[in-house]
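Observations on chain architecture
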Amino acid sequence: MGVIKKMVTDSNAVAQEKGLDCVLLFTENCKSANKVVGEIVDGLVTKCVAAPKTKTKELSTQIILMCTEIEAHEKVIEGLLGGLAQKNPKIVSACVYNVTEVLKGFGAKVIKISPLLKAVIPLLDHRDKDVREEGKKLIIESYRWIGSLMKSQLTGVKPVQMTEFEAEFEKVEAGGRAAPTRWLRSAGPPKQEKATEGGADEGDGDEEEDSQDSDLDPYEMLDPVEIISKLPKNFFEQVEEKKWQLRKESLDALLPLTQNPKLLPGDYNDLVKVLKKFINKDTNVMLVALATQCLTGLVKGLRGSFKNLANNVFSSLLEKFKEKKLNVVTALRECIDAIYPILGIEAIQEDVLAALKHKTPAVKSETGSFLARCFSQCPALLLTNKKVLKGYISALLETLNESDPGVRESSAEALGALVKFMGEGKVFPLMPDLDNLKQEKIKEKAEKIELSGKKVKSGKPEPKAEPKSGARIVKPEAGKPKPAPSKPSAAPVNKKVVKAGGAKGPGGVKKTGKGPPGPPSAGVASESDISAEEVEARAEELIPADLLSGLGDMNWKNRLAAMETFKSRLSSADNLPGLLAVKLLCRKPGLKDNNFQVLGLRLSALSQVAQKCSWSQQCWDTVFPDIVEKLSDKKNIEACKVTLFDIAESCSFNFVFTGVLEGAFAQKNPVVKAEALNWAGEGIKLFGFGGLQSKAALEAIKKGLGETNPAVRTASIGLIGRGSLMKDFLEDEKPAVLQQIDAECNKYAGESLPIPTRGKVVRSSGEDEGEDEDEVETVVEDLVPRKNISGELNDQLLENIKDKNWKIRKEGLDKLKDIINSAKFITNDLGGLPPVLCSRTIDTNKILATQALDLVGELALAMGPQTRTQIPQLVPAVLAALADSKNTVRAAAIATLNIFIKETSLKDILVNEIISSALIKGNPNTKQELFNWLKESMGEGKGLNKDELVACLPTLYTSIEDRAAEVRKSAQEAVLPFMKHLGYDTMRKEADKLSAVSKNTVMPILEKSRAELPAPTISSKPRPVVTRDDSVETARDKQEEKNSNKPEQKSTKPQMKSRLGLNKPTAPKKGAEEMDSSPLYQANKLKSSRFRDESKLKTLKWNFATPRQEFVDQLKDQITAAGFNKSLFGMMFHADFKQHLKAIEMLSEHCGTDIDGLISNLDLLLKWMTLRFFETNPSVNIKGLEYLCQVFGVLAEYEEGYMLHELEASAFLPYLINKMGDPKDQIRSCCRTILNLTCNLYPASKLFPHLMNGLGTKNAKQRAECLEELGTHIRKQGVSVAGAQPPVALKEIAKQIADRDTGVRNAALNAVTEAYFKEGEKLYKMIGNIPEKDLAMLEERIKRSCKSRPQEPEPIGQPSDPQRKPSKLQIKTGMRPPSAPSAGMGREGESDIKLRLQQARATSAAPGARPVSGVFSLDLEKIEGRSERISDTGPKLVEHNLDDIMNCAPVMLPITRTGMQRMMSPENNLARCNQEAHQAVTAIIAQIFNPDIQVSVNALGEIDELLKHETKAELIEPCIDHLFSTCAMQYRYVVDSKMNDSLSNEKDILRQLQFLTMVLMSVYGLREQVKKASMQVLHDLMHMIISILLEPATGNLPEGGQLVRAMNVLTVKIVDRSDPTCVFVALIKLLHGSVGNAQMSEKYGGLVMKCIWKCIRAIPTWLPTLDVGSLMLTVHEFLKVFPSSYWKTVAEDTPLRTIKTLLHTLAKVLGEDLLTCMGRIQDPNSSELVPFIRKMVSTVGSEGGVGETKNPESARKRIPRFSKSDHEALAEIFKKIGQKELSKVGLQELYNFKQENPQADLEPFLAKSSQYFREYIERGLRSVEQGGGGVPATTAGGRSSVLVDSNTTTGQPTHLVYLERLKRLRAAGGLQTHDQENRETRENMETMETKTGHTTNSSSGYSSGISSAYSRRERFSSTENNYQSESTGARSSEAPNVDEIRKRLAKIKQAAF
């Protein structure tokens, strides 16, 4: 296979030609050829398609066609389109040519044309002529296959080029249909039908041709367009506006979107409802026509996907045929013709038959014509279903007898089409009673019908085809053709429907002249005006010249006679020119005629004109304002009003209403004003409120109320009564006026809205009137502009609402309420209020919480529909309040949610996973209330987001099994509403994901709810189409015909532009309108789902060499789903790099403002930046990298901490590392900065492999940069940063030493040198064999580096800042891993602690060194059973004078290393050494809390090494709080972040917890130091330990059982060895926090109480050091919050009984003195503590507990007491017994002690001992007694020797002097102070454990670490005991062997030196 590409790309032309022949045969005959098509095509594009030799090019084309034939066409097209990016124009033109050939050969059914057009259109502007020509040929070839539908995809073509294409397209159409010449192998050529022997007629031939063509549907070749998201944001609000101009703007925005030939299926329910409302109820006919056109576009674009919606609108369209306007009727015809193929002939029958019985003749006529067009398409169903056929024929026979000629004609036409389709023999028998005359009429119509469909045989399914232009009438005679029904231009001549705002509106100044028609005015038609000269010239069209002169005669009688004649002529005129008639009637004197009779006739004539003609803007301009003035004429006032009503009915009542009111108040006559107001009130009663411009009415009313004339004021008040909602905006009027208004409104109280009796749309009384009421409320709501209150929401107010003092918070809320109430209607701009107000909904003060919830509801009421934008911020806070335990708070929250539903809808609330998140996080109260609310709300909700509901199902199913009965009940009741919206199948699929037990509980409930589902609504009309098989529908979809109305769509675009009335292009305005002001991005929870999809391979992994389009498209979809700002989105994916710079600038400015949003979308931003890395523009790269520096800096300083996810890192780091090879220094510098910041967010051990991968590139700069970074990480972290196998990485780095690039060589040498300083000579073994030259360079570099290496006193990290918050993850320096030995040379001056750590590590690496203990094998029984804990302080140890040791001359000890030795002197300055040591310890402790587990474990390993040494362990004492705090925080981080993360490694989690526990156990071996720990630190530490013990995931860890046991032991040690007061107070506070806390389990409180009980038992021992006052204060605070009354309301009172037990114990020990410990309580008398203690004291006193102190003598008799020296002596004796070598001595001393103290009770010392140990002591004592029965004289004083004070220095025995000298020597040399014998024993044990594979480095298992900690403390203790016992025994012996001790000392020195 690999040879094939080489044949194609051979450089020798002759060989290449032969190779192409071979490749052609290979692709033609080899079955596996399609596997290498991609390589073949790439080679052809590069070397062959533009070759000089013609044969080579021809062979290339043949190979490409053959590759397409073997069904690899996708790879072929991909490769050819990729060739368009070549710089050589010959290659580009050749690629386009081959694409054209492939399309020509295989056709559009195989080759998708949309991608071709997208790629070729930009080539039309190519600089090369051949490329342009080939591009044109490809477009023309595409047109041959698709046809006119393709024109919608040529929007980017220049007009000049489009003109050329139009001419070519005409030639293509004349050439006939395109047909493929080649076929895919799997399909083969189509089967050719053979003609019958008798030959086939033309009809059969046509049928065959049609059938072949029907397989190729251009609609299927187009890419669907998604338009829902492209609608204006305020679309659904604007369509409800009162102003028709605003409603028209919304439709104008929708119309171009619907004209796309193919639309993406989606949720169009709301959009169709809006359009249906326009068609049914809008009074503006222009808007009706426009809405119908939009609906038609949806029908044609969606086709079969529109089927369900088509049923809802079809009957409304037929009903609307009663409209007379031709433009409306034309649009309706086109719409129902488009719907018919979707529904079919049977599904429309019921609606059609109902329309044929309509009372309006126009509806019947148009329905008949529609049926004729349907029948002409040959519906096959009529051949088989006689029931449907009879139904249509019966209905048409009835309408055939109608009186209206139009109805009869359409019925005959429909029956004629039926006869033409089915034949007379099948149709006429069904019409037996039809007379001959009508039969002839039907036959005549049948001859004229032309069938536009195909005849099909009976039994075949009905074809599904889209009508072209309906039934066509063929007229034999010549005549004027009827206007095509599909053309909307058939409106009256020179008339346009236009908007208001032009030169002349209602109430404006008259406009004269012939100028162009003004812009639209309230939906009134506009036409060209007529001048006075034209009126004179055209007057003869209506009246003769003598009559014209009579109209202006001076004599009123002549005028009267002329008017009577003129009026009669108007009544008899058929085609009346309306404007001309109005102009004639208004000629001088016109409406200013002073004779009331003539004026009355003129007004009556104007009414006739209005009734017969459409009243235009120019007509109104002619009569206005004269007609308004005549309202003051008492004799003609009624005629004037009637004329105005007729005009209103002819055009628009809203238009006339506004004009009359404005014109009246422009007059001075009060009568005109009063009568105008009265006319307006009567008009509202006649025409209703629909479409009324209430703002004009409000202005007129306000002016009228301010008039001095009482009649005007009365009329204004009367008009208010008609619309009582207006009175809310008149509260500023005088009280007397308001009283009159209320009285007027009360007259209409309880009455329904007036039913319109006049106007375009008249609603009958039986129809629902609620919609009118809603419309009125919406209109009135918009009368007053909304107020922006963001300016009043200042910082002071927000601070008051957030204040800690509840009174100040209440003042802030009250002020906010006043602001809302004063504004009434506000905008949705709330500034910074939402987050502040939301925090108050969960206020601890329940009154304030309720008030905050009420304020949220008031805000929603004030914002109205604009609340939608604030839902994501406000609703979550309301839902959070449902968790409150108070019923009042929950009720307020539910009421607020209902307000949101009222102002918006449930659909608007179900966004952004608000509900599902609340259910997941909520407590039982939340779930109960929320499910109940959803159950009520979902019943009325429609079109809910199913994804949101599905997200709620897991919580719903969990709640069904909840422990709380109320939650279970509400969840079970909510199942049915969920199922109504989601369906049973969806809920069952989600239930399948449950466990078997849960599924058994849930499924019966689902089945029960399934039975309760309402039956599906089945219409009464028969619709078998709905249940038809999908395959049939698919077949019908394929047979739909092409859209024939493309020119019409094209013509609407300039028409839309002219309606806008703009002189500039609309594109800039559109861009301005689409500027998105929302946040650039927002916090969401989609990130985890993206990661989940990518890990499950549901989406593409972000891994590519160069970004392909599929990756870009995927990123676009993800960014869109994440809700990015639309303007930002456009800039991010713009073709211009300047837009990218703007996007980066916007992101940089927004970077620090929304960190949560940044984290939620970080993966998307990083992926987008990786795309920018592939751009060549340096500005974009530099700006992008600077932005990334800013991002990583912000994340590094994030208080809560953030770690990069693996998928985020893998999608970004490889491309960043590739960018490190950029030639520009600035870019490389930015990359280095980003990598340094990345170390704070991503473990260096995981970053290391990415850098290693960067070494495989050919770019030398990149390799050098990667090596520099690798060296830096090795220097900071050691070679362990390279992972489990450092030698592999080091070998790869060492290979780079041989690189020819100097920078790479130097970087490689530096990196290996850093590894040498960490590992020493072992490095050479790691890197393996390298060339001698490279080895020499390496040794030279190491040698030079040793000399020049800076002396860093503290390489493990900078001293930590004591003021730094421990919660911030700002550890900037790395730590040297504990496994790395020191290998540096000449590093003098290192601190003592560093030297000891290095020596310990070096020793551990050598054979025979001390290993750690093995697997976590703690002998817990032995630890817990030890009897060493006799006293609080333990036995008195022998103290030595350390000054002699520290001030003596230091002992020089050599430190050996493989291959070399170096001498290092110790520090002379002890003070500086201690300071540096403390700084180092602080830095190590600070690194324990780190999100990188490896760094934390390394730090814990350092601490563990430190605790091994007695002298160094003292350094922990000042840092004990810091150590415990960091351990507690790391515990919390592991539990919160790692345990709950399914992607975390369980072994890492276990390892982290093991090391933390190991170190804490080691620290608690230091009895005195741990007492320094503070109460707060112990509180946090105990809380985390108990939480981990109760965490279910702990037990599921690999060694979880051992971990739990170890943490139990640690808990006991913390209680026993910490400061008694601190641990007691911490435990009581933990108990305090657990009581009544629903988030904590009951087991938590139980464990805390167990610890308290242990402390209570130790009170008698702790009493001398116990601060009883602090303890009493803590108990007082507990009882203050949880008094006795509280415990009566709960079932469990164990915490209270625990506190009582504590007080009882204290009272028993202290007696009445306990009352004196109340000084810290502010008011002891008011506390429950005092009476309770007094009761306890009296009770204990009566029982004798306290009374014991009153009789000390009797107490001494009852209880034998030991002195302190006796206690210590006895403890010393038992220690000796526990040691094998001194057990006999110990038993002898114990026997002597018992003889001297017969009253002594040894039981406390044996309480925790095993039975075996007890028997051993008894046998030993009996043996001593039997051996001599007494004590030898030499040991008679043994007890005094045991109890002697060790501090005495006088008379010290000689051997003790040597022992002290030995101790000083070992301490000065840095060695342990243990004796040699114990050291050898330990080494032997460790050697044995080392063989099992366990080491002491930080990466070893926790088990070994813990065991090692235990063994070290035990060995340390035993060694100390041996030392004391030995010294004591020596002193007690008669003749100590001094010589033997000297020999041992000499032996030790020899071994050391």
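The rules behind each value
Residues numbered from 1 in each chain as written. Predicted model: local features only at pLDDT ≥ 70, side-chain atom pairs only at ≥ 80, totals over all residues. Heavy atoms only, no water. Helix = DSSP H or I, 4+ residues; strand = E, 2+ residues; numbered from the N terminus. Buried < 20%, exposed > 50% of the residue type's maximum accessible area, 1.4 Å probe, protein only. Contact = heavy atoms within 4.5 Å. Areas by Shrake-Rupley, 256 points an atom, 1.4 Å probe, with all protein chains shown as cover. Polar contact = N/O pair within 3.5 Å; in protein donor to acceptor, adjacent residues only side chain to side chain. Axes fitted to C-alpha atoms, helices over the stretch in contact; angles between N-to-C directions. Parallel < 35°, antiparallel > 145°, perpendicular 65-115°, else oblique. Nonpolar A, V, L, I, M, F, W, Y, C, P; charged D, E, K, R; others polar. Core = buried A, V, L, I, M, F, W, Y, C linked by side-chain atoms within 4.5 Å. pLDDT = per-residue confidence, 0-100. Phe/Tyr/Trp six-rings, centres within 6.5 Å; stacked < 30°, edge-to-face > 60°. Lys NZ or Arg CZ within 6 Å of the ring centre and 35° of its normal. Patch = residues over 30% accessible without salt bridge, like charges linked within 9 Å, V, L, I, M, F, W, Y side chains within 5 Å. Salt bridge = Lys/Arg side-chain N within 4 Å of Asp/Glu carboxyl O. Lys, Arg positive; Asp, Glu negative; His and termini not counted. Charge placed at Lys NZ, Arg CZ, Asp CG, Glu CD. Left-handed = near helix turned anticlockwise from the far one by under 90°. Arc of directions from axis to C-beta.

1. Points about the overall build of the protein chain
When helices and strands are counted, the protein chain shows 98 helices and 6 strands. When burial is assessed residue by residue, the protein chain has 50% of its 1953 residues classed as buried. Sequence-distant contacts, at least 24 apart, represent 76% of the contacts inside the protein chain between residues at least 6 apart. As displayed, the protein chain has an accessible area near 92,800 Å², and 51% of this comes from carbon and sulfur atoms.

2. Describing the side chain of Thr867
Mapped onto the elements of the fold, Thr867 is located in the loop between helix 42 (846-863) and helix 43 (871-881). At a separation of 3.1 Å, a polar atom in the side chain of Thr867 contacts the main-chain carbonyl oxygen of Ala860.

3. As for the packing of helix 83 (residues 1642-1657) against helix 87 (residues 1694-1710)
In the contact formed by helix 83 and helix 87, the axes pass within 10 Å of each other and the chain directions differ by 10°. Accordingly, the angle class assigned to the pair helix 83 and helix 87 is roughly parallel. Residues Met1649, Ile1652, Trp1653 and Ile1656 of helix 83 lie in contact with helix 87, whose contacting residues are Thr1694, Pro1695, Thr1698, Thr1701, Leu1702 and Thr1705. Residue composition of the contact of helix 83 with helix 87, by class: 6 nonpolar, 4 polar and no charged.

4. Quick look at the nonpolar core
Membership of the largest hydrophobic core comes to 102 residues, with the highest contact counts inside it found for Phe1524, Tyr1531 and Phe1624. What Phe1524 contacts, discounting residues up to four positions off in sequence, is Leu1560, Val1563, Tyr1564, Val1570, Ala1573, Val1577, Leu1578 and Leu1581. Grouped together as the second largest cluster of nonpolar side chains are 91 residues, Leu1235, Phe1248, Val1304 and Val1312 included.

5. Comments concerning the confidence of the model for the protein chain
The share of residues in the protein chain with pLDDT of 70 or more is 74%, and the mean pLDDT across the chain is 74. Looking at the elements of the protein chain, mean pLDDT is at its lowest for helix 94 (residues 1838-1842), recorded as 33, and at its highest for helix 60 (residues 1162-1173), recorded as 91. Segment residues 761-780 is flagged for pLDDT under 50; beyond a separation of four residues in sequence, or across chains, it makes 32 contacts in the model.

6. As for the side chain of Arg890
For Arg890, the position within the fold is in helix 44 (residues 887-903). Within the structure, the side chain of Arg890 is placed 3.1 Å from the side chain of Glu929, a separation counted as a polar contact. In this structure, Arg890 is in contact with Ala881, Leu882, Asp884, Ser885, Asn925 and Glu929, ignoring residues within four places of it in sequence.

7. A few points about the packing of aromatic side chains
Here the structure, examined in full by the defined rule, presents 32 aromatic pairs. Aromatic side chains Phe375 and Tyr392 sit 5.6 Å apart centroid to centroid with 80° between the ring planes, which places their arrangement in the edge-to-face category. Placement of the pair is Phe375 in helix 19 (residues 361-375) and Tyr392 in helix 21 (residues 386-399), with a sequence separation of 17 residues. Residue class for Phe375 comes out buried when judged on its relative accessible area of 0%. Taken together, Phe645, Phe653, Phe657, Trp679 and Phe687 form an aromatic cluster joined through their ring pairs. Sitting over the face of the ring of Tyr984, Arg1010 holds its NZ or CZ atom 4.0 Å from the ring centroid.

8. Describing helix 41 (residues 833-840)
Most of helix 41 is tucked away, with 6 of its 8 residues classed as buried. Within helix 41, the full set of buried residues consists of Leu833, Pro834, Val836, Leu837, Cys838 and Arg840. Lining the buried residues of helix 41 we find helix 39 (795-802), helix 40 (806-823), helix 42 and helix 43.

9. Here's the deal with a negative patch on the surface
Together, Glu39, Asp42, Glu74 and Glu78 give the surface a local cluster of negative charge. Breaking the negative patch down by element, the ones donating at least two residues are helix 3 (37-48) and helix 5 (73-82). Its relative accessible area of 64% is what places Glu74 among the exposed residues.

10. Quick notes on the environment of Asn260
Along the chain, Asn260 falls in the loop between helix 13 (244-258) and helix 14 (269-281). Residues Asn260 and Gly297 lie 37 residues apart in sequence; the distance between their C-alpha atoms is 7.5 Å. Ignoring any residue separated from it by four or fewer positions in sequence, one finds Asn260 in contact with Val225, Ile227 and Gly301. Among the polar contacts made by the side chain of Asn260, one reaches the main-chain carbonyl oxygen of Leu257 at a distance of 2.7 Å.

11. Examining the packing of helix 13 against helix 15 (residues 285-302)
Packing of helix 13 against helix 15 leaves a shortest axis separation of 9 Å and a crossing angle of 25°. In terms of orientation, helix 13 lies roughly parallel with respect to helix 15. As helix 13 runs across helix 15, the sense of the crossing is left-handed. Between helix 13 and helix 15, the residues in contact are Trp244, Arg247, Lys248, Leu251, Asp252, Leu254, Leu255 and Thr258 and Met286, Leu287, Leu290, Ala291, Gln293, Cys294, Gly297 and Leu298, respectively. Residues of the contact of helix 13 with helix 15, tallied by class, amount to 10 nonpolar, 3 polar and 3 charged.

12. What to know about the pattern of salt bridges
Where charged atoms from two side chains of opposite charge come close, those side chains can pair. Tallied over the full model, the rule gives 65 salt bridges. Residue Arg602 pairs with Asp593 through a salt bridge whose shortest N-O separation is 3.6 Å. You'll find Arg602 and Asp593 in the same group, each marked buried. For the salt bridge of Asp1667 with Arg1720, the shortest nitrogen-to-oxygen distance reads 3.0 Å. Pair noted here: Asp1667 is in the loop between helix 84 (1659-1662) and helix 85 (1668-1681) and Arg1720 is in the loop between helix 87 and helix 88 (1729-1743), with a separation of 53 residues, a long-range link. Using a relative accessible area of 28% as the deciding quantity, one classes Asp1667 as partly exposed. Each member of the salt-bridge network shares a partner with another, and the members are Asp1225, Arg1228, Arg1232 and Glu1265.

13. Some remarks on helix 66 (residues 1286-1295)
Residues three or four positions apart in an α-helix share a direction because the helix packs 3.6 residues into each turn. Residues of helix 66 that are buried: Pro1286, Ala1289, Leu1290, Ile1293 and Ala1294. Down the axis of helix 66, the smallest arc covering the buried residues is 135°, so these residues share one side. Facing away from the buried surface of helix 66 by more than 90 degrees, the exposed residues are Val1288 and Lys1295. The inward-facing, buried residues of helix 66 abut helix 64 (1244-1253), helix 65 (1260-1277), helix 67 (1302-1319) and helix 68 (1322-1327).

14. Brief notes about unusual backbone geometry
With an omega of 10°, the peptide bond running from Lys588 to Pro589 counts as cis. Following Phe624, the chain continues to Pro625 via a peptide bond in cis, the omega torsion being 5°. Turning to its location among the elements, Pro625 is positioned in the loop between helix 30 (617-623) and helix 31 (626-629). Unlike most non-glycine residues, Glu71 shows phi in positive territory, near 70°. Tracing the backbone shows Glu71 in the loop between helix 4 (54-69) and helix 5. Positive phi, close to 55°, is recorded for Arg303, a residue that is not glycine.

15. Considering the environment of Gln1190
In this structure, Gln1190 sits in helix 61 (residues 1178-1196). Separated by 44 residues in the primary sequence, Gln1190 and Ile1234 have C-alpha atoms spaced 9.0 Å apart. Ignoring anything within four residues of it in the chain, the contact list for Gln1190 reads Ser1148 and Cys1151.

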